[in-house]
Amino acid sequence: MIGSISPPARQRYQRGLEGLVAGDTAISDIDGEQGRLYYRGYAVGELAAERTFEEVSHLVLFGELPDARRLREWSDELGRWRQPPRAAFDALRALPVHAHPLAQHRTMMAVAACHIPEAESSELAAQWRRPARILSWTAALAAAAIRHLDGLPDLPPRDDLGYAANFLYQTLGRIPPAAEARAFDASLVAQAEHGLHSAALAALAVISTGADLGSAVLAGMGALSGVRHGGANQTAFEMLAALDGPAAARAWARRAVAEGRRIPGFGHRVYKCPDPRVAVLEPHARAVLAAHGMARLWETYLALREEIESALAAKRIHANVDGITGLLYHPIGLPPSAFPIPFCLAIQAGWMAHCLEYLPDGAMLSPGLVYVKDGAKD
Ligand code: COA
C-alpha cells in the first residue's frame, strides 16, 4: 500500500486536474465564462492601455501600483540588474546556434544562478530580494540567446530605455519606434499573470520544497516551453505564415477541422469564450503589421479565426493569446522561435508572485495517486 491511497480517502479527480481548486490568491481573478482577467482588481485591458511592464510587475508582485517615488525605486532596482554574470554569456557560446532560444535562455539562467551575489537561502527576506534580479537578468540573457541564432554577440543595455524598449534594443540592435515599444510593452502587461496555469504550478511545486525563487522560475520556463503552453505562439504563427491569404486560410481551416486537428492559437483550459487578451492586443498587432506593409497577414488571421471559431463553436473553442502575439512580434523583427521568450519574461512576474504568496506557511506540494493494478481503472 506504500504511496497509494486507501479506498475511503479516494477523491474524484478530472483529467488534467481540471476544475481542481488548489488554494486562495489575491494576485489575479480569471472568469473563464465571461472572458475577464484582473490583476489585483485591475482589468487587464485597462492596465495594458495605460501602464508599463515596470508598473504592472510591481502591481503583480507587491500588490499595488507604484506611486512616482516607488516606481523610480523599482525601476532603479530593475536597472541595477541589467548586466548578468559574464559566465552565462560564455556558456551561450558553447551552445549550438540551432538550439531553441528558450532552451539556450534557460541554460544561461541556470549558469547565472550559480553566480548569485548572496549565499543560497530559502529565508523569506532573501526570496523577496530576487524578483528584480530575475526579471532583469532573464531579459538580458534572452536577448543574447536570440542574437546567438544569427551568430551575433550580445549588446550592453541602455540605461535610457525602459524594460520593454531595452529588451528590444538588446535583441535587435536598434531602438524600436515608440509605437512598437509601446505595443511590445502592452504584450508584456497582457501576459504578466495568469493564475495557477501549468508553468505557475511547476514553479509553485519547486518553491514549496524550500528551493530558491530562481529554481522555481527555471521550472516554470521548462513547463512553458511545451507546444500546448507558451510554445504555441511559435507554432501558431508558423501555421499562419504558411497560408497564402484569407481564402487559403478558410480552406485550410475547414480541412483541419474536418481532420480533427488540434490547431495552435485556439482553445484554452480556462476561457470557454473569447480570451480577453486577444482583444487587448488586436489594435497593436493590426497597427504594427500595417506599418510594415503586412496588412494581408492580419486579414489572413481574421479569416482563419472566423472559420475556426464558427466551425468549433459547439466545443467553445476561441482564439487565444498565443495566436495573436506572433502577429506583433513578427513585424517588430523577432524570429518565430523567439516568440515564447517575451511570454516567459512577462509571466515570470506572475510565477514569482504566486511563489511569494504561497511561501509564508505553504506546505510542500505532494499530492497522492490512486494505485490501480496493472494500470487498469475500475
Ligand atoms: N483545435 C481544435 N480542437 C481543439 C483545440 C484546438 N486548438 N483545443 C481543444 N480542442 C478540442 C479537443 O480536440 C477536444 O475535442 P473532443 O472533445 O471532440 O475530443 C475538446 O476541444 C476539448 O479538448 P481538451 O484538450 O480536453 O481541452 P483543454 O481545455 O484541455 O485544452 C488546450 C486546452 C490549450 C491544451 C487546447 O485548447 C490546445 O491544445 N490548444 C492548442 C495549443 C494552444 O494554443 N495552446 C496555448 C493555450 S493559451
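This is a predicted model, so every value here is computed, not measured. (Residues numbered from 1 in each chain as written. Predicted model: local features only at pLDDT ≥ 70, side-chain atom pairs only at ≥ 80, totals over all residues. Heavy atoms only, no water.)

1. Remarks on the nonpolar core
Phase 1: Counting residues in hydrophobic clusters, the biggest one holds 104 residues, and the most contacted among them are Tyr39, Leu135, Phe167, Phe184, Leu304, Leu327 and Trp351.
Phase 2: Looking at this core element by element, the count peaks at 12 residues for helix H17 (residues 340-358).
Phase 3: Once residues within four sequence positions are removed from consideration, Tyr39 is found in contact with Ile27, Ser28, Val44, Leu47, Val56, Leu59, Val60, Val189, Ala190, Gln191, Ala192 and Glu193. (Core = buried A, V, L, I, M, F, W, Y, C linked by side-chain atoms within 4.5 Å. Buried < 20%, exposed > 50% of the residue type's maximum accessible area, 1.4 Å probe, protein only. Helix = DSSP H or I, 4+ residues; strand = E, 2+ residues; numbered from the N terminus. Contact = heavy atoms within 4.5 Å.)

2. Focus on the pairing of strand S1 (residues 28-31)
Phase 1: Pairing geometry for S1 and strand S2 (residues 36-39), over four bridges, is antiparallel. Paired with Ser28 across the two strands is Tyr39, which belongs to S2.
Phase 2: Remark: four residues form the turn of the hairpin made by S1 and S2, two consecutive strands paired antiparallel; Gly35 in that turn has positive phi of roughly 70°. (Pairing = 2+ DSSP bridges.)

3. Considering unusual backbone geometry
Phase 1: Of note, the phi angle at Leu17 is positive, near 55°, even though the residue is not glycine.
Phase 2: Positionally, Leu17 belongs in the segment before S1.
Phase 3: Of note, the phi angle at Arg316 is positive, near 60°, even though the residue is not glycine.

4. Topic: the site of the ligand
Phase 1: In the vicinity of the ligand lie 20 residues, with Ile263, Gly265, Phe266, Lys315 and Asn320 positioned nearest.
Phase 2: A distance of 2.9 Å separates an oxygen atom of the ligand from a polar atom in the side chain of Asn320.
Phase 3: When the ligand is considered free in solution it has 860 Å² of accessible area, and contact with the protein chains removes 73% of it.
Phase 4: Counted by class, the shell around the ligand contains seven nonpolar, five polar and eight charged residues. (Near = heavy atom within 4 Å. Polar contact = N/O pair within 3.5 Å; in protein donor to acceptor, adjacent residues only side chain to side chain. Areas by Shrake-Rupley, 256 points an atom, 1.4 Å probe, with all protein chains shown as cover. Nonpolar A, V, L, I, M, F, W, Y, C, P; charged D, E, K, R; others polar.)

5. A closer look at the sheet that holds S1
Phase 1: Overall, antiparallel pairing links the three strands, which are arranged S1-S2-S3 in an open sheet. Strands at the two margins of the open sheet, each flanked by one partner only, are S1 and strand S3 (42-43).

6. Structural notes on helix H9 (residues 178-190)
Phase 1: With 13 residues, H9 extends 18 Å between its outermost C-alpha atoms, agreeing within 8% with the 18 Å of an ideal straight helix rising 1.5 Å per residue.
Phase 2: Those residues of H9 that sit buried are Glu180, Ala181, Ala183, Phe184, Asp185, Ala186, Ser187, Leu188, Val189 and Ala190. (Expected span 1.5 Å × (residues − 1).)

7. Side note on the packing of helix H12 (residues 232-241) against helix H15 (residues 295-311)
Phase 1: Running from N to C, H12 and H15 point in directions that differ by 105°, and their axes come no closer than 10 Å. Comparing their axes, H15 and H12 come out roughly perpendicular. Two secondary-structure elements touch here, H12 through Phe237, Met239, Leu240 and Ala241 and H15 through Leu297, Thr300, Tyr301 and Leu304.
Phase 2: Among the residues making up the contact of H12 with H15, the classes are represented as seven nonpolar, one polar and no charged. (Axes fitted to C-alpha atoms, helices over the stretch in contact; angles between N-to-C directions. Parallel < 35°, antiparallel > 145°, perpendicular 65-115°, else oblique.)

8. Considering the environment of His268
Phase 1: Relative to the helices and strands, His268 is located in the loop between helix H13 (246-258) and helix H14 (276-291).
Phase 2: You can call His268 partly exposed: its relative accessible area is 21%.
Phase 3: Measuring from C-alpha to C-alpha, the distance between His268 and Arg316 comes to 9.2 Å, with 48 residues separating the pair along the chain.
Phase 4: Look past the residues within four positions of His268 in its chain and what remains in contact with it is His194, Asp275 and Arg277.
Phase 5: Looking at His268, its side chain comes within polar contact range of the main-chain nitrogen of Val270, at 2.9 Å.
Phase 6: Of note is the side chain of His268, whose polar atom sits 3.5 Å from the side chain of Arg277.

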